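The primary structure of each chain is shown beneath.
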Amino acid sequence: MAGKIFEIAFAINGALAQGFKTSMQQAKGMLTQYGSEIGELKAQQRALDSALKQGVISMDSYRNATEKVGKALDQTAAKDAKLRKAMQNKIAADANAKSARSDLGSTMATTAVMAAPLVGMLSKAADFEAVMSKVKAITVSDDKAMQQLTATARELGEKTMFSATQAGEAMTYLGMAGWNSQQIMAGMPGLLNLAAASNTDLARTADIVSDDLTAFGLSAEHAGHMADVFAKTTTSTNTTVEMLGETMKYAAPVAHAFGASLEETAALTGLMANSGIKASAAGTALRSGFLRLAGTSSKSTKAIEEMGLSLSEATAQQEEARAALDSLGIAMNDTNGPRKMSAIVRDLADKTKDMSKEQKLATLATIFGTNAASAWVSVIDQGPDALDKLTKELENSDGAAATMAETMQNNARGAMTRLQSATESVAISIGGTMLPTLAELGDSLANEAAYVSKVASEHPELTEGIIKTSVAVAGMVIAYKAARAIYYSVMAAQAAYKLMMESERVATMRNVIASGIHRAGMVASSIAMYATAA
């Protein structure tokens, strides 16, 4: 858009170029003509002087003739002087216009180069300030808590691959999950490690972990452990944090109601992912299996209602599954309530090992549901030992996310990413100190716009668009320079018009210049409309 500003002055001169050139050529022709007329009049005066000396004419005739020649000579000389002055004004006006355009170009280039770092710092500081304001609004934290949250975000931005602004965005999701400031500060390091280890967006990672903690009935203090469990799952099985989050969205609430642990559920998710059953497909399969295996306890009843299923329908499915389990000789309840999934999977693997593939599939479809059967077949085929082994690894996974994050970032690319994050912290520090003074700076620049206002009043059609555009793009300094370029271009047009007025062929030249001025105004208006629309 700045380029459009700069084009206006050139467009005006381009539109007027024909009129300028013609007026100068005509003026030069008129000066030659005036010079010839002055020479002829002086020759006539010399002839009169000679005739008087020779007695050819009388004194009265000489006086009358000399008076006429002198008057004509004075008039022609006055026209010559006036035309020369108009030409000088035209040349000076052209020089001023050229200088103003050059000044505009150099000012815009210099301003862009000098202002870029400052503008970048102010932008980053403003973005961080806006994010932390959102955190404050969501968490309803007091000033002291916000100082601590801000310091935490800044510190994480300086020491990790994520920027302070990204850390602040993650805090907003934790705040929306009901975490207080202390819980957020305690949980952030684990979330950053998981996001770094899995190369997942930090805000998305925070959203997944906070949701799943709630679904499993875990407090915010368990965020670090959940991050480790998820990190270990992604490296031990064929899934990602994003896919885990999608699976848990469907499975976690029901798993918690059934009594399955976070680690067991994550292990089941990983084994299903190894067979290509991932994300929502794994989630719905797990949900269906847990519901069919569950009794009608208060927890399972609540989970059923949250799914939008009727209790009678769910009970029928549970009875169908229980009958199939009873036929296999598998008891679902003991004195401590529902058994863990690892034990159920082991029993199912043992009871179905001698069945044909068709019998096995039909039995598992009866227990887990037709749509979920293939997912549970994949788990049982991999075996209870694989499930037990992975579950145990996940239970003992503390520190996995941090180790993986360190390994992932222990390279040149990681170093450059950390440098970029640290650089943003510097920008926030410098830009943050300047944010309170922006209003004062704006007032100061407004005072510099006085000249622009004057030009706008005198030449509204040519300057209104450029001033508005300049303010929007580069501030009032550029607007001032741009207005001067437009102003002096108009002055050059006016000088050409005055020059034309001194020539003999006024009617013809007036049309040429007026047409040029009209086209210049059209160019400026078009560019102003383009800038306003952009």
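Residues numbered from 1 in each chain as written. Predicted model: local features only at pLDDT ≥ 70, side-chain atom pairs only at ≥ 80, totals over all residues. Heavy atoms only, no water.

**With respect to the packing of helix α7 (residues 223–236) against helix α8 (residues 241–258)**
For any two helices packed against each other, the geometry is given by the interaxial angle and the distance between the axes. Viewed as axis vectors pointing N to C, α7 and α8 meet at an angle of 115°, and their least axial separation amounts to 10 Å. The pairing of α7 with α8 is recorded here as roughly perpendicular in orientation. Judged by the twist between their axes, the crossing of α7 over α8 is right-handed. Residue-level contacts link F230, T233 and T234 of α7 to V241, L244 and M248 of α8. Tallied by class, the residues present in the contact of α7 with α8 amount to four nonpolar, two polar and no charged. (Axes fitted to C-alpha atoms, helices over the stretch in contact; angles between N-to-C directions. Helix = DSSP H or I, 4+ residues; strand = E, 2+ residues; numbered from the N terminus. Parallel < 35°, antiparallel > 145°, perpendicular 65-115°, else oblique. Left-handed = near helix turned anticlockwise from the far one by under 90°. Contact = heavy atoms within 4.5 Å. Nonpolar A, V, L, I, M, F, W, Y, C, P; charged D, E, K, R; others polar.)

**A few points about the environment of E242**
Positionally, E242 belongs in helix α8. The spatial distance from the C-alpha of E242 to the C-alpha of S198 is 9.1 Å, given a sequence separation of 44 residues. Here E242 is in contact with T200, R204 and I208, once residues within four sequence places are set aside.

**Regarding the nonpolar core**
Generally speaking, a soluble globular protein has its nonpolar side chains buried in company with each other. Counting 86 residues, the largest nonpolar core has M188, F230, M272, F290, M341, L348 and I367 as its most contacted members. In terms of residue count, helix α5 (residues 181–198) provides more of this core than any other element does, nine residues in total. Each residue touching F230, except ones within four places of it in the same chain, is listed here: L194, I208, D212, L244, M248 and L262. Counting six residues, the second largest nonpolar core, distinct from the first, contains A27, Y34, L83 and M87. (Core = buried A, V, L, I, M, F, W, Y, C linked by side-chain atoms within 4.5 Å. Buried < 20%, exposed > 50% of the residue type's maximum accessible area, 1.4 Å probe, protein only.)

**Description of the packing of aromatic side chains**
Taken as a whole, this structure holds three aromatic pairs when the rule is applied. Note on F290 and W376: the rings are 6.3 Å apart at their centroids and 80° apart in plane angle, and the pair reads as edge-to-face. Here W376 lies in helix α15 (residues 373–382) and F290 lies in helix α10 (residues 279–293), a separation of 86 residues in the sequence. W376 shares its class with F290; the two are buried. Grouped by ring-pair contacts, the aromatic residues F258, F290, F368 and W376 constitute a single cluster. (Phe/Tyr/Trp six-rings, centres within 6.5 Å; stacked < 30°, edge-to-face > 60°.)

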